[in-house]
Amino acid sequence: MATILGRVMAYQRPFRARVARDGLLAVAPLSVAYVLVTLVVSALWRDPGAGHRLVAACCAWRATNLPRGPLLPLLGSALLVRRPVEAVWTVLAVWLLLGPLEAAVGGWRPLLLGAVGHVLPTVAVDLCWLAGPRAGGSLAGLDVGTSAVVVTAAAALVVVTRSAPLAAALATGLTVDLATTPNLASAEHLLAAAIGVAGALVLRPTARPQPIPVRPAAALAGGVRRTSARRTGPDEAP
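Conventions and cut-offs
- Residues numbered from 1 in each chain as written.
- Predicted model: local features only at pLDDT ≥ 70, side-chain atom pairs only at ≥ 80, totals over all residues.
- Heavy atoms only, no water.
- Helix = DSSP H or I, 4+ residues; strand = E, 2+ residues; numbered from the N terminus.
- Expected span 1.5 Å × (residues − 1).
- Buried < 20%, exposed > 50% of the residue type's maximum accessible area, 1.4 Å probe, protein only.
- Contact = heavy atoms within 4.5 Å.
- Salt bridge = Lys/Arg side-chain N within 4 Å of Asp/Glu carboxyl O.
- Phe/Tyr/Trp six-rings, centres within 6.5 Å; stacked < 30°, edge-to-face > 60°.
- Lys NZ or Arg CZ within 6 Å of the ring centre and 35° of its normal.
- 1 Å grid on protein atoms, 1.4 Å probe; cavity = no way out; pocket = protein on both sides within 12 Å on 5 of 7 lines; lining within 4 Å.
- Points joined across faces, edges and corners; volume = space filled by probe spheres on them.
- Core = buried A, V, L, I, M, F, W, Y, C linked by side-chain atoms within 4.5 Å.
- Nonpolar A, V, L, I, M, F, W, Y, C, P; charged D, E, K, R; others polar.

### As for helix H9 (residues 147–161)
An α-helix turns once per 3.6 residues; consequently, residues spaced three or four apart project the same way.
Part 1 of the argument: Here H9 is 15 residues long and its end C-alpha atoms lie 21 Å apart, about the 21 Å a rise of 1.5 Å per residue gives.
Part 2 of the argument: The buried fraction of H9 is high, at 12 of 15 residues.
Part 3 of the argument: Among the residues of H9, Ala148, Val149, Val150, Val151, Thr152, Ala153, Ala154, Ala155, Ala156, Leu157, Val158 and Val159 are the ones counted as buried.
Part 4 of the argument: Buried residues along H9 sit against helix H4 (29–45), helix H7 (84–105), helix H8 (109–131), helix H10 (164–180) and helix H11 (184–203).
Part 5 of the argument: Of the residues flanking the end of H9, it is Arg162, one or two places downstream, whose phi is positive at about 55°.

### Focus: the pattern of salt bridges
Part 1 of the argument: Within the structure shown, the criterion is met by two salt bridges.
Part 2 of the argument: Between Arg21 and Asp22 there is a salt bridge, with its nearest N and O atoms 3.3 Å apart.
Part 3 of the argument: Residue classification places Arg21 among the exposed positions, given a relative accessible area of 56%.
Part 4 of the argument: The exposure class assigned to Asp22 is partly exposed, which follows from its relative accessible area of 41%.

### Some thoughts on the packing of aromatic side chains
Part 1 of the argument: Summed over all chains, the structure comprises one aromatic pair.
Part 2 of the argument: The lysine or arginine in question, Arg109, covers the ring of Trp108, its NZ or CZ lying 5.7 Å from the ring centre.

### Focus on empty space enclosed by the protein
Part 1 of the argument: One pass over the full model with this rule turns up one cavity of 30 Å³ or more.
Part 2 of the argument: Volume-wise, the largest cavity comes out at about 40 Å³.
Part 3 of the argument: In terms of lining residues, the largest cavity is bounded by 10 residues, among which Val105, Leu113, Gly199, Ala200 and Leu203 are the most central.
Part 4 of the argument: Here the element with the most residues in the lining of the largest cavity is H11; it accounts for three residues.

### A closer look at the nonpolar core
Part 1 of the argument: In this structure, Tyr11, Leu97, Leu98, Leu101, Leu157, Leu166 and Leu170 are the most contacted members of the largest nonpolar core, which totals 30 residues.
Part 2 of the argument: When contributions to this core are tallied by element, the ones reaching two or more residues are H4, H7, H9, H10 and H11.
Part 3 of the argument: Among the elements that take part in this core, H9 stands out by supplying 11 residues, more than any other.
Part 4 of the argument: Ignoring sequence-local partners within four residues, the contact set of Leu170 consists of Ala154, Ala155 and Val158.
Part 5 of the argument: Val41, Trp45, Val55 and Ala60 belong to the second-largest nonpolar core, a separate cluster that totals eight residues.

### Side note on the layout of surface pockets
Part 1 of the argument: Looking at the largest pocket, its volume works out to about 1,000 Å³.
Part 2 of the argument: Lining the largest pocket are 36 residues; nearest its centre among them are Glu86, Trp89, Ser147, Asp177 and His189.
Part 3 of the argument: Going through the elements one at a time, H7, H8, H9, H10 and H11 are the ones with two or more residues in the lining of the largest pocket.
Part 4 of the argument: The element best represented in the lining of the largest pocket is H10, accounting for six residues.
Part 5 of the argument: Residues that form the lining of the largest pocket fall into these classes: 20 nonpolar, 10 polar and six charged.
Part 6 of the argument: Taken as a whole, the second largest pocket encloses approximately 410 Å³ of empty space.

Right, here's the structure in full:
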């Protein structure tokens with residue numbers, strides 16, 4: 001079991017080495033900021049007063065908001081979790097997925113990929129639900145959570161690290177999700193995974209070819225003269 005777990009977690013070795021050297025905040029600042037904001041927003045949601053109203057205005061997205069707006073809660077809904085288990089999973093995802101992805105690709109790429117991986121699947125499944133009979137289901141109420149962001153990051157990390165065990169773990173999780181809850185929310189996770197794979201292929205950093213150093217002609221001529229002088233002995237002097 002320890003050997004299997006070690007193989008699955010092998011993709012984390014470069015990330016853990018950098019964290020040990022520089023610290024988590026220096027290696028993955030966006031991921032840390034994301035989870036902290038999520039925890040604050042989710043805590044305010046439980047406040048019966050002004051905090052709840054503020055979060056409801058910026059983060060409480062429903063599928064029925066799509067035709068009439070406003071669209072700000074569509075982005076903010078990625079910052080709101082309502083169950084403690086979701087908060088715990090989001091914290092763990094920083095170490096397991098979000099942090100390693102940010103350390104691998106760096107810069108603004110994880111932020112853009114997470115936003116696209118949340119917005120596009122959410123809009124797609126909301127449109128499907130609005131076009132159907134709208135009979136209950138998970139989209140009848142609030143459509144919030146970090147799951148689409150996490151799935152997007154996991155799929156992108158599979159591409160960046162080329163980790164077969166991580167790919168198998170992600171495929172297993174998506175299969176279980178489809179088998180246990182075959183609804184639009186599961187379809188949203190599949191779309192998020194597809195966006196993660198495509199986004200990683202587009203946004204992953206490419207190695208730039210190193211330029212071949214060119215020595216100036218004067219330096220080359222000087223080297224030739226020095227070589228000639230070393231090869232000329234005292235008996236060969238004119």
